[in-house]
Structure formats: structure tokens, C-alpha cells
Amino acid sequence: MNSTTMRRAGLSIAVAAALTGVAACGSSGGDGDTKSGKKGSVALSPVAALRSIDDKTGNADSAKIESKTVMGTKMSMDMTGSMAWSDGITGNVTATLTGGTQAEQMKQIGQSKIDYRYLKNGFYANMGDKFAAEAGGGKHWLEYDYDTLAQMSGAAGDAFKDQMQNTTPNQSVKMLLASGDVKRVGEETVRGTKTTHYAGTVDAADFTGKNSDLDAGQMAELKQQFKAVGLSTQTVDIWVNDDDLLVKKTEKGTTNDGEFSQTAFYSDYGTPVSVEKPPASDTLSFKDLMNQQPKA
């Protein structure tokens, strides 16, 4: 197996990890319509209801999460785990690549299921025994430092770093507040829980830029990167319970590689989350992997 294959696999892992983190923290201001939500016997506008949801979910600190993501022809992935967000995104999750070109790349190194560990300054991916034997110098874990990813990916990397270090699952709520056309769809039952459904449409690049610490030049670069992949607007739907906590969210859009969609379910708010950094003796940095010279 050559090092080019390994670098491609490493990039696939980075994309999958980014999407896994996004399921926890939301996607990469304005008024709503005149339909009202309800909290007890008090009628609330959608915007007022979402502000309460934003506050309650943001302060919940942790939850168990399940998600399914499809990125056109590139990737489909299922994820389960627990994540916390009181001080950046941390957590332990397992992602299973179920289809797409990036799943095929991972099959070349004998991996379809990846264990991730998220810490404040980066994340780690267990690449398996075949990677360790053939490219990792005996090391199983790849380290993805957020500063390094930002340097390698330009404005999109800066925005991703900011999201992973500073945002929470209520980012989807913030997206709806920023959309300008948020509406209350109605009451629905999700996995046996009574919920209220809200929906809206968001300009993906504008929202990501406004909620990241990007200067004008980085914002222009970010918009170009979004344009290059064909992603402009996203539809966002959320379902919240009577405690104003997020139960489900979906995000959908169209890219040059096909339809993008992500559905995430949240439960067991306040669940304990403890993350152990992999031993240095079993860890290779993604930067070092990318600097390896191609071999025939």
C-alpha cells in the first residue's frame, strides 16, 4: 500500500471527523414569521421560543448523540457517541462509513469503522492495525491538531477550528434565528417524545462567517470555498421537547457532488463524558503523514 493511498485515507478521516463534530455543534440574526409557538399556557413567537431553546440547550453541557450524514457521492456515514461542550467540543464517538468514494478509500486500509476522541485542541482517529503496520510506523492513532488543519485548509479550516472550540449543539438554533424566515411547523412525536418542530433556510457561508472570528479577507475566501463545492443555502429543521432541549435536527443542501443531508438525535443531556488522550507512543500527526513522500 503506497503513501498516497494513506494520505487520501487520512483526508477522508478528517472529513468524517469534521462532519461528526458538526453533528454535535451544528452546521458549519433576524425575525421569524407571525405564527406562534407555545410554552405551557403562554404563546411565544418562533423567535422568542428559539431564544429559550438556544439558552437551555447551550447550557446542558453534554448529551448522547446519534447521526447519519450523506455527502452526495463522496460519503455516507453513521455516528454514535457522547459529546460535551462546556469548554469546546470533547467526546468519544464511533463513525461507520457506509458508502461513497471515501468509504472505498478507507476499505483499502481495512477500515470502515473509526473511533474518534475529541479534545479541546484537536481530535484523534484510530486508523487500525493495517495502517499501523504499513504506514504508521506501528502507531494506530492519527492526531489532527486544529491549528494545523486551519493552516492547511485556509478560511474553511479557521471556521472549523472556531466551531469545534467554541460552539455547541444549539448552533442549529442560532442558524434558524439568523435565517429570517423561521417558522413553527407544529407538534410531532420523535422517538416517543412530544416535540415542537421549527424550520428555516440559511445562507451557509454567511452564517458560518458571522459566527467565526474571520476577517474580511478570510470571509471572502470562505465564500469562494463554499462556492467551489456548490453549497449556498441549507434548510434547517429542529425538534425540541417541553424542556426546550434539542431532540432532533436535520440540515439539507445541494453540493457539486450531490445532495448533502445530516440528521442527528440528542438524548441523555448531562451524561458524564470523559476523554482520554491516546498515548504519544501510539500516535502519528496528520501533518507528518501528509509530509510523507509518495511511493510507487
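For the structure, see preceding data.
Residues numbered from 1 in each chain as written. Predicted model: local features only at pLDDT ≥ 70, side-chain atom pairs only at ≥ 80, totals over all residues. Heavy atoms only, no water.

Attention now moves to the overall build of the protein. A count of helical and extended segments in the protein gives nine helices and 14 strands. Relative to its full complement of 296 residues, the protein shows a buried share of 51%. Surface exposure of the protein reaches about 13,100 Å², of which carbon and sulfur atoms provide 46%. (Helix = DSSP H or I, 4+ residues; strand = E, 2+ residues; numbered from the N terminus. Buried < 20%, exposed > 50% of the residue type's maximum accessible area, 1.4 Å probe, protein only. Areas by Shrake-Rupley, 256 points an atom, 1.4 Å probe, with all protein chains shown as cover.)

Of all nine residues in helix H6 (residues 171-179), seven are buried, a share of seventy percent or more. Considered for burial, the residues of H6 that qualify are Gln171, Ser172, Val173, Met175, Leu176, Leu177 and Ser179. Phi turns positive, to about 85°, at Gly180, one or two residues after H6.

Throughout the structure, instances matching the rule amount to five salt bridges. Glu66 serves as the salt-bridge partner of Arg191, at 3.2 Å between the closest nitrogen and oxygen. Residue Arg191 is found in the loop between strand S9 (183-190) and strand S10 (193-203), and its partner Glu66 is found in strand S3 (residues 62-71); the two are separated by 125 residues along the sequence. Two residues, Arg184 and Glu187, come together in a salt bridge whose shortest N-O distance is 3.6 Å. (Salt bridge = Lys/Arg side-chain N within 4 Å of Asp/Glu carboxyl O.)

Before going further, it helps to spend a moment on the pairing of strand S8 (residues 141-145). A regular strand places its side chains so that they alternate between the two faces of the sheet. The pairing of strand S7 (residues 122-126) with S8 spans five bridges and is antiparallel. Looking at S8, one finds that Phe123 is bridged to Tyr144. Sheet analysis places S8 next to strand S14 (residues 283-285), joined by three bridges and oriented parallel. Within S14, the residue paired with Glu143 across the bridge is Ser285. (Pairing = 2+ DSSP bridges.)

What the twelve strands build is an open sheet, ordered S9-S10-S11-S12-S13-S3-S4-S5-S6-S7-S8-S14; its pairing is mixed. The outermost strands of the open sheet, each flanked by one partner alone, are S9 and S14. In this sheet, adjacent strand axes meet at a mean angle of 20° when their direction is disregarded. Where strand S4 (residues 75-84) meets strand S5 (residues 90-99), nine bridges bridge the pair, whose relative direction is antiparallel. Pairing of Asp78 across the sheet is with Thr96, part of S5. Where helix H2 (residues 46-58) meets the sheet, it contacts S9, S10, strand S11 (233-240) and strand S12 (246-255), and its direction lies at approximately 105° from that of S10. (Axes fitted to C-alpha atoms, helices over the stretch in contact; angles between N-to-C directions. Contact = heavy atoms within 4.5 Å.)

Let us look at the environment of Met77. Of note, Met77 is situated in strand S4. With 26 residues separating them along the chain, Met77 and Ala103 place their C-alpha atoms 8.6 Å apart.

For the structure shown, the criterion picks out seven aromatic pairs. Each ring, one from Tyr118 and one from Phe123, has its centre 5.6 Å from the other, and the planes form 35°; the classification is tilted. The rings of Tyr116, Tyr118, Phe123, Tyr144, Tyr146 and Phe286 are connected pair by pair, giving a single aromatic cluster. Lying across the ring of Phe265, Arg191 places its NZ or CZ 3.7 Å from the centre. The positively charged end of Lys248 is found above the aromatic ring belonging to Trp239, 4.4 Å away from the centroid. (Phe/Tyr/Trp six-rings, centres within 6.5 Å; stacked < 30°, edge-to-face > 60°. Lys NZ or Arg CZ within 6 Å of the ring centre and 35° of its normal.)

For Asp61, which is not glycine, the phi dihedral falls at a positive 80°. Mapped onto the elements of the fold, Asp61 is located in the loop between H2 and S3. At Asp268, a residue that is not glycine, the phi angle is positive and equals roughly 50°. Here Asp268 is to be found in the loop between strand S13 (258-267) and S14. Take Asp268: its relative accessible area is 46%, and that puts it in the partly exposed class.

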